[in-house]
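Examination of the molecular architecture
Letter by letter, the chains look like this.
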Amino acid sequence: MKFSDFVATDAIRAQVKAGTKEGVIREMVQSLVDANRIAASDQESIVKAIMKREDLGSTGIGRGVAVPHTKHPSVTRLVGTVAVSPSGIEFESLDGDPVQLFFLLVSPPDRPGDHLRALESISRQLRDESFCKLLKSAKGPVEIQHLLEEADSQGVVS
Amino acid sequence: MSGADTAGAQTLTREVVVANSQGLHARPADMLAREARKWQSRIELVGEAQRVDGKSILDVLTLAAEAGTRLVVEATGPDAREALEAIGGLFERKFNEHGTEQTS
């Protein structure tokens, strides 16, 4: 699965304003509402579901990366976005480090395979330290979009 | 790390099946990598198309192993047997996931 299969380009944010875990999740869900990928009426319920998932164990998977996610009946296909916090946010991550790079995913409840393939794409690319660094230091959403496109076109993600 | 620990140590393997309905998503991948890191042995997971480091959550996630996927766990080192026992147990207990709630 490619990034372009699930990342809503219009919802990419290079400099989140939030400084807390819930704040960044809220801001990213808002960006998906603004990009017309999810309905404003579902926003609160999606934020709550993602926070509930975080309560089970942080999705901060290390290397300054987190993958907050949930299943939600309001979506019929996997939708996601990317955000960067240049200063980093405390996320109770597995290695204890603050998180700068966020991939937020909302998937339909009946498609666990799609969710797995999105996680695969993300983790495969993030094993590349320089790709991680480039994303974290991206100056704007367009730069992030280009980096994701480049990763897609290299065919490393299939 | 010196090669002395694994030199001459035999590699033990165990076949496992991903039995939880949601597959090896973030939480089970984390449980697996955490368990693997407790052991001195090198732990690798072998899928159909690739071999990954069982101690790395990023590596485990790249398997994108859905429910029903068969994998081989390979352990090489002095505590290989115990490591395989512990890791095999995680798969057998379906990573403590029951039903379809709390699965994402």
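Below or above, wherever it landed, is the structure these notes cover. For clarity, every value in this text was computed on a predicted model and none was experimentally measured.

1. Notes on the sheet that holds strand β3 (residues 51–53) of chain B
Residues and elements named next belong to chain B. Taken in spatial order, the 4 strands line up as β1-β4-β2-β3 in an open sheet, and their pairing is antiparallel. Whereas interior strands pair on both sides, the edge strands pair on one side only; in this sheet they are β1 (11–17) and β3. Direction aside, neighbouring strands of the sheet carry axes that sit 25° apart on average. Relative to strand β4 (residues 70–76), β1 is paired through 7 bridges, and the arrangement is antiparallel. Bridge pairing in β4 links V16 to L71. Where helix α3 (residues 80–92) meets the sheet, it contacts β1, β2 (42–46) and β4, and its direction lies at approximately 5° from that of β1.

2. Focus: the interface of chain A and chain B
Listed as interface residues are 19 residues of chain A and, on the opposing side, 21 residues of chain B. Note on chain A versus chain B: buried area summed over both sides is about 1800 Å², and carbon and sulfur give 64% of it. As a salt-bridge pair, R117 of chain A and E66 of chain B come within 2.8 Å of each other at their nearest N and O atoms. In this assembly, chain A and chain B are joined by 4 residue pairs in polar contact (both at pLDDT 80 or more). Of all the secondary structure elements, the ones that give two or more residues to the side of chain A that touches chain B are β3 (69–71) and α3 (112–126) of chain A. For the side of chain A that touches chain B, the element with the highest residue contribution is α3 of chain A, accounting for 10 residues. Each residue belonging to the side of chain A that touches chain B can be placed in one class, and the counts come to 7 nonpolar, 5 polar and 7 charged.

Rules and cut-offs
- Residues numbered from 1 in each chain as written.
- Chains lettered and ligands numbered in written order.
- Predicted model: local features only at pLDDT ≥ 70, side-chain atom pairs only at ≥ 80, totals over all residues.
- Heavy atoms only, no water.
- Pairing = 2+ DSSP bridges.
- Helix = DSSP H or I, 4+ residues; strand = E, 2+ residues; numbered from the N terminus.
- Axes fitted to C-alpha atoms, helices over the stretch in contact; angles between N-to-C directions.
- Contact = heavy atoms within 4.5 Å.
- Buried area = accessible area lost by both parts, 1.4 Å probe.
- Salt bridge = Lys/Arg side-chain N within 4 Å of Asp/Glu carboxyl O.
- Polar contact = N/O pair within 3.5 Å; in protein donor to acceptor, adjacent residues only side chain to side chain.
- Nonpolar A, V, L, I, M, F, W, Y, C, P; charged D, E, K, R; others polar.

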